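Fold and contact review
The primary structure of each chain is shown beneath.
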Amino acid sequence: MNPFALFLLFAKFGCVSFGGGYVLIPLIINELVEKRGVINMETFGNLVSIAQVTPGPVGMNAATYVGYLQGGFWGALSASFGLIVPSLILGTLAFYSISRWRENLWVRGILQGVRPVSLAMIFFAAFLFLGMSVFTAPIPWSGLLKTLIGQGAGLPENFRLSLGGFAICAVVAILFLKTKVSTTLLIVLSAIAGAFLCR
Amino acid sequence: MDKTYWKKLWVLFFTFAKIAALVVGGGLAILPVVEETFSRKNKWLTQEDLLEMTALAQTIPGIIACNAAVYVGTKLAGIGGMLAAAFGVCFPSVTVIMIIAAFFPHLEPSNPYVLGAFAGVRACITGLILVTAYRFAKKTFTGRFEVIVTILALFLLLMKINPVYVILCAMPLGIVYAFWRKTRGDAVLPGEGLK
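Residues numbered from 1 in each chain as written. Chains lettered and ligands numbered in written order. Predicted model: local features only at pLDDT ≥ 70, side-chain atom pairs only at ≥ 80, totals over all residues.

Below, the discussion takes up the overall build of chain B. In terms of regular secondary structure, chain B is built from seven helices and zero strands. Each helix and strand of chain B, ordered N terminal to C terminal, gives the series α-α-α-α-α-α-α. For chain B, whose C-alpha radius of gyration is 21 Å, the value lies well above the compact-globule estimate of 16 Å for 195 residues. Considering only contacts in chain B between residues 6 or more positions apart, those separated by 24 or more positions represent 52%. (Helix = DSSP H or I, 4+ residues; strand = E, 2+ residues; numbered from the N terminus. Rg over C-alpha atoms; globule rule 2.2 N^0.38 Å. Contact = placed C-beta atoms within 7 Å.)

Written out as structure tokens, the structure is:
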């Protein structure tokens, strides 16, 4: 993809990413993995892994990496710049009147509508990652639905639980929820554990 | 363009680069560092300014650290300050990722240990995202509307509907809901559903 197309694409993502970096995951997957097919799911999972370990906001790192894979140096620059352009423009517009904006019923309504969708997108990102770590294949939603209503399609052959992945995911979730241990440490330990458990 | 102006631009760039690089946890984890540098050490921002910054960062879309940078930069040094601070947020990602990407342009390792390590990190990220989703859900589920919209949106996403459309559809829905609550006379608390 040429840098200008990347710029526009990430500017679009920047306009709709309310609520943090993980919201970008479904956006990038829909556009670049499913619709255009330029990145495969496995590569994307590894890319997010690197984005999470390297310094910098996850969303920004992922955008830069995708930009680099798609368009080299200029692709990386235009993707990350595209991602911040909406906040530069909207931030300047809102700068003098943010207190009034916050009271405005329209603005409040928009945020109230968008928040649950952002939450759904984070859950969706979690499901996608479950299919790449805890399970050995993407979660087959339609198959699960058929099994539930008794049409018994069953689960596909390659869909199994990965014990190593499950153990790491569970331990990380508990530690992250209950203690103040740093995410960087969790990731480093998971990488070491994974090298032995997930082969 | 006197010397203090350029010094401000440098402090903005440097501080936000530092924040982007070192502050893990995302979102409002950056607030204490901004307060320390711009309010306590340099006395450039007041407490009200910090509240305004938080409000702005959470209202407009985009990376939260970048939204905060836009506010602080504009406040201290106009457009130039805004750009300096925003580029500061981008700087660590762009430089570090470019170096890594230059070494791993394909991201398809073949060594079983490396593959395992990546699988381990993916499992770790799954855990992190699940906990993030859980915390986000606890703050978001304040009423029936939020729960229903979340379930509906999740269903649409699983049907592979473009997330952009799902968000765009949720905006008018939220506006209708806000006006409906107003006509019903429900007390709408300031800042509710935003934190």
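A few words now on the overall build of chain A. When you go through chain A residue by residue, the secondary structure sums to nine helices and zero strands. For chain A, the succession of helices and strands along the chain, N to C, is α-α-α-α-α-α-α-α-α. Across its three principal axes, chain A shows a C-alpha extent of roughly 55 × 40 × 40 Å. Residue burial in chain A is summarised as follows: out of 199 residues, 52% are buried. The long-range fraction of contacts in chain A, counting pairs at least 24 apart against all pairs at least 6 apart in sequence, stands at 57%. (Buried ≥ 20, exposed ≤ 12 C-beta atoms within 10 Å, placed from the backbone.)

Confidence along chain A averages 87 in pLDDT terms, with 97% of residues attaining 70 or more. Of all the helices and strands in chain A, helix α7 (residues 141-148) of chain A carries the lowest mean pLDDT, 73, while helix α1 (residues 3-16) of chain A carries the highest, 93. (pLDDT = per-residue confidence, 0-100.)

In this section: the interface of chain A and chain B. Listed per partner, the contact involves 99 residues of chain A and 82 residues of chain B. For the side of chain A that touches chain B, the secondary structure elements donating two or more residues are α1, α2 (24-35), α3 (41-53), α4 (58-95), α5 (98-103), α6 (105-130), α8 (163-178) and α9 (183-197) of chain A. The element contributing the most residues to the side of chain A that touches chain B is α6 of chain A, with 23 residues. When its residues are assigned to classes, the side of chain A that touches chain B shows 63 nonpolar, 30 polar and six charged. (Nonpolar A, V, L, I, M, F, W, Y, C, P; charged D, E, K, R; others polar.)

Core analysis: the biggest nonpolar cluster contains 123 residues, and I122 of chain A together with V72, A85 and A86 of chain B have the highest contact counts within it. Per-element tally for this core: the top contributor is helix α4 (residues 64-103) of chain B, with 21 residues. When sequence neighbours within four positions are dropped, the list of residues in contact with A85 of chain B reads L12, F13, F16, A69, V70, V72 and G73 of chain B. (Core = buried A, V, L, I, M, F, W, Y, C linked by C-beta atoms within 7 Å.)

Residues and elements named next belong to chain B. One way to put it is that helix α3 (residues 47-59) packs onto α4 with a least axis distance of 8 Å and a crossing angle of 140°. It follows from the interaxial angle that α3 and α4 lie oblique. With respect to the hand of their crossing, α3 and α4 are arranged in right-handed fashion. Contacts between α3 and α4 involve D49, E52, M53, L56 and A57 from the first element and I64, N67, A68, Y71, V72 and K75 from the second. For the contact of α3 with α4, the residue count by class is seven nonpolar, one polar and three charged. (Axes fitted to C-alpha atoms, helices over the stretch in contact; angles between N-to-C directions. Parallel < 35°, antiparallel > 145°, perpendicular 65-115°, else oblique. Left-handed = near helix turned anticlockwise from the far one by under 90°.)

The next subject is the domain arrangement of chain B. How big an interface is tends to be stated in terms of the accessible area lost upon association of its parts. Domain parsing of chain B yields domain 1 (3-103), domain 2 (108-140) and domain 3 (142-188). Its C-alpha centre places domain 2 of chain B at a distance of 28 Å from the equivalent point of domain 3 of chain B. (Domains from an automatic or database assignment.)

With 26 residues, α6 of chain A should cover 38 Å at 1.5 Å per step; its first-to-last C-alpha distance of 38 Å lies within 8% of that length. Within α6 of chain A, 23 of the 26 residues are buried, which leaves it mostly tucked inside the rest of the structure. (Expected span 1.5 Å × (residues − 1).)

Before going further, it helps to examine the environment of A65 of chain B. The topology assignment puts A65 of chain B in helix α4. A65 of chain B sits in the buried class, given 32 other C-beta atoms within 10 Å. Spatially, the C-alpha atom of A65 of chain B lies 22 Å from that of L130 of chain B, the residues being 65 residues apart in sequence. If sequence neighbours within four positions are ignored, A65 of chain B has contacts with P57 of chain A together with I19, A20, I30 and V89 of chain B.

Time to look at the confidence of the model for chain B. All names here are of chain B. Mean pLDDT over chain B stands at 85; residues scoring 70 or higher make up 91%. Within chain B, helix α6 (residues 144-158) carries the highest mean pLDDT (92), whereas helix α2 (residues 31-41) carries the lowest (84). Residue range residues 190-195 is modelled with pLDDT below 50. Its contacts to residues more than four positions away, or to other chains, number seven contacts. This complex was scored by the predictor with a pTM of 0.87 and an ipTM of 0.89.

Turning our attention to the packing of α4 of chain A against α4 of chain B. Where α4 of chain A contacts α4 of chain B, the axes come no closer than 10 Å and their chain directions differ by 165°. If you check the angle between α4 of chain A and α4 of chain B, you find them roughly antiparallel. Pair α4 of chain A / α4 of chain B crosses with right-handed handedness. In terms of residue class, the contact of α4 of chain A with α4 of chain B is made up of 20 nonpolar, nine polar and no charged.

So, on to the environment of L69 of chain A. Within the element layout of this structure, L69 of chain A appears in helix α4. Its 23 C-beta neighbours within 10 Å are what place L69 of chain A among the buried residues. In sequence terms L69 of chain A and L186 of chain A are 117 residues apart; their C-alpha atoms lie 27 Å from each other. Not counting residues up to four positions away in its chain, the partners in contact with L69 of chain A are I39 of chain A together with A101 and P105 of chain B.

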